[in-house]
Amino acid sequence: MHYQTESWGTYMPTTPSVSDPIHRIEQLAAENAVVIFSLSGCCMCHAIKRLFCGMGVNPTVYELDQEPLGNDMEKALMMLLGTSSPAPVVFVGGKLVGAMDRVMASHINGSLVPLLKEAGALWL
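Quick caveat, the model's predicted, so the values are computed rather than measured. (Residues numbered from 1 in each chain as written. Predicted model: local features only at pLDDT ≥ 70, side-chain atom pairs only at ≥ 80, totals over all residues. Heavy atoms only, no water.)

Peer 1: In this structure, what is going on with the pairing of strand 4 (residues 89–92)? I would like to understand it.
Peer 2: Moving residue by residue along a regular strand, the side chains alternate between the two faces of the sheet. By the alternation rule, side chains of strand 4 split into Val89 and Phe91 and Val90 and Val92, which are all buried. In the sheet, strand 4 pairs with strand 5 (residues 95–98) via three bridges, with the strands oriented antiparallel. Its bridge partner lying in strand 5, Val90 is registered against Gly98. Once strand 4 ends, the chain turns through two residues before running back antiparallel as strand 5, passing Gly93 with a positive phi of about 60 degrees. (Buried < 20%, exposed > 50% of the residue type's maximum accessible area, 1.4 Å probe, protein only. Helix = DSSP H or I, 4+ residues; strand = E, 2+ residues; numbered from the N terminus. Pairing = 2+ DSSP bridges.)

Structure below.
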C-alpha cells in the first residue's frame, strides 16, 4: 500500500482490535488534532484534504477503502451524519465538524480557523 504522507498528512494503519465501528471512529478521531475519514478515489475527499494542507494543517487521513473495518466505518459515518455518502468526514480536536458542506461553511464564515487553533493544528 502506498500513501502520500508528504501531501496529505500522516497515515496511521488501524488494526481490527475494536469491533464497534462507532467506538473505533471516536477513538481515531480523538488521537490527533485533525482527522479526515476519506475514500481514496473521492474527488470531494481530495478537495477537503487540499483545503487543510493549503491552510498549513497536517491532517491524519484514514482511507476507509483501505481500512480493515472500513466498510463498517463507512456505514457508521453515514448513520452519524444522516447522509448517503460516508466521506469526507472531518473531526477537529476529537469533535465532529461534519462533511464537506459543514467544513466549507465553517471555513467561509471564519469559524474553522479558531477551531484549528484551539485543537493545536494551527499556530498562526
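Peer 1: Any chance you could explain the environment of Ala33 here in plain terms?
Peer 2: Within the element layout of this structure, Ala33 appears in the loop between helix 2 (21–30) and strand 2 (34–38). Judged by relative accessible area, Ala33 falls into the partly exposed class, the value being 24%. Each C-alpha atom of the pair Ala33 and Val57 lies 9.3 Å from the other, and the pair is 24 residues apart in sequence. In this view, Ala33 contacts Phe91, Val92, Gly93, Ala119, Gly120 and Ala121; residues no more than four positions away in its chain are not counted. (Contact = heavy atoms within 4.5 Å.)

Peer 1: For this particular structure, what's the right way to read the pattern of salt bridges?
Peer 2: Charged atoms that come close allow side chains of opposite charge to pair. Counting across every chain of the model gives one salt bridge. Between Lys49 and Glu63 there is a salt bridge; the shortest N-O distance is 2.8 Å. Of the two residues, Lys49 sits in helix 3 (residues 43–54) while Glu63 sits in strand 3 (residues 60–63), which places them 14 residues apart along the sequence. Exposure class is identical for Lys49 and Glu63. Each is buried. (Salt bridge = Lys/Arg side-chain N within 4 Å of Asp/Glu carboxyl O.)

Peer 1: Help me understand the packing of aromatic side chains in this model?
Peer 2: Each aromatic ring pair is specified by the distance between its two centres and by the angle formed by the two planes. A complete count under the given rule lists two aromatic pairs for this structure. Summarising the aromatic geometry, the rings of Phe37 and Tyr62 are spaced 5.6 Å apart at their centres and angled 25 degrees between planes, so their arrangement reads as stacked. Placement of the pair is Phe37 in strand 2 and Tyr62 in strand 3, with a sequence separation of 25 residues. There is no split in this pair, since Phe37 and Tyr62 are both buried. Measuring from ring centre to ring centre gives 5.8 Å for Phe37 and Phe91, while their planes differ by 85 degrees; the resulting arrangement is edge-to-face. Highlighted residues: Phe37 in strand 2 and Phe91 in strand 4, separated in sequence by 54 residues. Judged on exposure class, the residue Phe37 and its partner Phe91 are both buried. (Phe/Tyr/Trp six-rings, centres within 6.5 Å; stacked < 30°, edge-to-face > 60°.)

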